[in-house]
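# Summary of structural features
As a plain string of letters, each chain reads:
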Amino acid sequence: MQHGRVICDVTNGIASGVLRALFLIAIAGCTGAGGAAPASAVSQARSSSPESSAGPRCNAQAGLASLDASKASLAQTYAKRFKMGVAINGRVYGDGDPAAAALVAAQFNRVTAENELKWQSLERQPGVLDFNQADAFLAYAEQHGMEVHGHTFVWHHQVPAWVFQNDSGGPATRQQLLARLEQHMSALAEHFGSRVRYWDVVNEAFNDDGSLRDTPWRTIIGDDYLDQAFLLAGKHFPDAKLVYNDYAMEKPAKRDAAVRLVQGFKERGVRIDAIGTQAHFQLTTPTLEAIEASLAAFAGAGVEVLVSELDVDVLPAAYKNQGADLSVNAELSAQLNPYPDCLPNDVAEQAAQRWADIFEVFSQHSEHVHSVTLWGVSDGYSWLNNWPVRGRTNYAQLFDRQLRAKRSWQRVIEVAGQAP
Ligand code: XIL
C-alpha cells in the first residue's frame, strides 16, 4: 500500500479539476486515508488488490456514508437550531481547491478564518497592515451569504514578538501594549467595518485549573488585561458580538473561571456577548455530561454559546490531559499514528456514534447555542494531522480527504431528524 499512500497524501486537499479526476482513478487502491474514487473504480481496484483475498485490514467505504452529500446540507438541516460553521484557509477561499469551496458553500452558512485574521497574518510588522488574504476570505464569505467569525485579537500564539517589545527589544510597558492593541483594533475596524459579526477578543486566557495563564499580555498589562481588551473591542466594534474563546471548557475549574469572567464583566460594566467553547474532543473524552454541563453553565451566565472549533481526534493521545495547547508537541511514532492507510471499521463507527451523540447534546441546548463550527473542511484539512505530532493521519472531520461525506456526516444529519 505504500505506493497508494504516497499518492493519497499528495492529494490531500490539493487535487482539482481534471487532475483531481485522474488522481481519483489512481488512488482507487487507497483505503480511508485517501481513496475517493467512483464505486466502480474502487471495486475494480479492490479485486486486483493483494489485500482483498486476505481480507483488508479496514475498508475504504466503512467510514463513508453511502449517501450523496449533495442530498443534504448541514446548514439547512440545522437551520432551526444553530448556524453551521467551518474554519477555512486560503486554499479553500482562493482558487486552490474549487471542490472544497463548493462543498463549504453547500454545507455551511458561517466561516472562521483558520489563521488569516490572527495578528501575525494581518500586521507582521508594526503598522504595516496586509489585508490581502483577509479580503479574499471576506469576499468568499459574502459571495455565499455566510456569517463571518473573526479569530482573534489577544492570544499568546501567532502574535508577532514586536507587539510585546519596546524599541530596544526589552519588554513593552502596559501603556505601550494597550496602545498597540488599540491601534491594531482601530485599523481592523476601519478596514472591516461591521462585516465581521463576531470577534474572539481574547483566546485561551485560563489554565485548566481556572487560574489566569501567564502570558505576555498578563505580565505586561496586569490581571485586568481581559477587561481592557473587551473595553477596547467594545469601543471599536460596537456592532460586533464580543467573544471569550477557550479549549477544555468542560473541565469544571475552567468552566467556572469562564462563568466568573462573565459575571465580573457584568458587574464592572464590561460588554461580553458570547463564550466560545473550542470543542477539540476525543472519542471518549470529555463526557457528554461534561459537555452538557458547560453549555448549561454558559447559557446560565446569560451569554450566547458558540461551539467554535469542533473536531473529534481518533488517534492515541500524545499527552495525558491533551487539550489544544499549541506549545506542546511530540515525536512521530508508529504507535501514535496507528492508521496511516485507513481507519478500521470499528473506530469509524465509534467516531460516527460520537459525532451523533455530541450533536444531540448541542441540539438539546440549541436555544442558547448560536453556532457550531468545525475546525477544518475535511480530514485532510484538519490541523490534527500536525498537532500535537507532525505528520500523522487523523480522521477528525465529517468529510474525508477526497471531500466525500463520511458516515459521521450521515449520523449528524440523522440526529437532526430524530431531535425534537
Ligand atoms: C491552529 C490552526 O488550525 C493551524 O493551522 C495553525 O498552525 C495553528 O493554529 N486553538 C485555536 C486555533 O484557537 O487558532 C488553532 O488553530 C487551534 C487551537
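In the block above lies the structure referred to throughout.
Computed from a predicted structure; not experimentally measured.

## Considering the site of the ligand
- Near the ligand lie 14 residues; those nearest to it are Glu114, Lys118, His151, Glu309 and Trp375.
- For the ligand, an oxygen atom lies 3.0 Å from a polar atom in the side chain of asparagine 115.
- Measuring from an oxygen atom of the ligand, one finds a side-chain N or O atom of glutamate 309 at 2.8 Å.
- Among the residues forming the shell around the ligand, the class breakdown is four nonpolar, six polar and four charged.

## Some details on the nonpolar core
- With 112 residues, the main nonpolar core has Trp217, Phe359 and Phe362 as its most contacted residues.
- Here this core takes nine residues from helix H15 (residues 345-364), the largest share from any one element.
- Beyond its immediate chain neighbours, meaning those up to four positions away, phenylalanine 359 contacts Tyr78, Phe82, Met84, Leu310, Val372, Val412 and Val415.

## Observations concerning the pattern of salt bridges
- Inspection of every chain in the model, using the stated rule, returns 16 salt bridges.
- Across the pair aspartate 246 and lysine 254 runs a salt bridge whose closest N-O atoms are separated by 3.5 Å.
- Each of Asp208, Asp246 and Lys254 takes part in one network of salt bridges that share partners.

## Brief notes about the packing of aromatic side chains
- A full pass over the atoms with the stated rule returns 18 aromatic pairs.
- With a centroid separation of 5.6 Å and an interplanar angle of 65°, the aromatic rings of phenylalanine 206 and tyrosine 244 are classed as edge-to-face. Separated by 38 residues along the polypeptide, phenylalanine 206 in the loop between strand E4 (198-203) and helix H11 (216-221) and tyrosine 244 in strand E5 (residues 241-246) bring together distant segments of the chain. There is no split in this pair, since phenylalanine 206 and tyrosine 244 are both buried.
- Members of the aromatic cluster, each reached through a chain of ring pairs, are Tyr78, Phe82, Trp355, Phe359 and Phe362.
- In this structure, arginine 110 packs its charged tip against the face of tyrosine 198, placed 5.1 Å from the ring centre.
- Its guanidinium or amino end placed over the ring of tyrosine 247, lysine 254 lies 3.8 Å from that ring's centre, counting from NZ or CZ.

## Focus on helix H10 (residues 174-192)
- Between its terminal C-alpha atoms H10 stretches 27 Å, which fits the 27 Å expected from 19 residues at 1.5 Å a residue.
- Residues of H10 that are buried: Leu177, Leu178, Arg180, Leu181, His184, Met185, Ala187, Leu188, Ala189 and Phe192.
- Of the surrounding elements, those touching the buried residues of H10 are helix H8 (119-122), helix H9 (132-143), strand E3 (147-154), E4, H11 and helix H12 (225-236).
- Of the residues flanking the end of H10, it is glycine 193, one or two places downstream, whose phi is positive at about 60°.

## Points about the packing of helix H13 (residues 252-268) against helix H14 (residues 288-300)
- Closest axis-to-axis distance for the H13/H14 pair is 10 Å, and the angle between their directions is 10°. Accordingly, the angle class assigned to the pair H13 and H14 is roughly parallel. Across the interface between the two elements, Arg255, Ala258 and Val259 from H13 touch Ala290, Ala293, Ser294, Ala297 and Phe298 from H14.
- Looking at the contact of H13 with H14 residue by residue, the classes come out as six nonpolar, one polar and one charged.

Calculation notes
- Residues numbered from 1 in each chain as written.
- Predicted model: local features only at pLDDT ≥ 70, side-chain atom pairs only at ≥ 80, totals over all residues.
- Heavy atoms only, no water.
- Near = heavy atom within 4 Å.
- Polar contact = N/O pair within 3.5 Å; in protein donor to acceptor, adjacent residues only side chain to side chain.
- Nonpolar A, V, L, I, M, F, W, Y, C, P; charged D, E, K, R; others polar.
- Core = buried A, V, L, I, M, F, W, Y, C linked by side-chain atoms within 4.5 Å.
- Buried < 20%, exposed > 50% of the residue type's maximum accessible area, 1.4 Å probe, protein only.
- Helix = DSSP H or I, 4+ residues; strand = E, 2+ residues; numbered from the N terminus.
- Contact = heavy atoms within 4.5 Å.
- Salt bridge = Lys/Arg side-chain N within 4 Å of Asp/Glu carboxyl O.
- Phe/Tyr/Trp six-rings, centres within 6.5 Å; stacked < 30°, edge-to-face > 60°.
- Lys NZ or Arg CZ within 6 Å of the ring centre and 35° of its normal.
- Expected span 1.5 Å × (residues − 1).
- Axes fitted to C-alpha atoms, helices over the stretch in contact; angles between N-to-C directions.
- Parallel < 35°, antiparallel > 145°, perpendicular 65-115°, else oblique.

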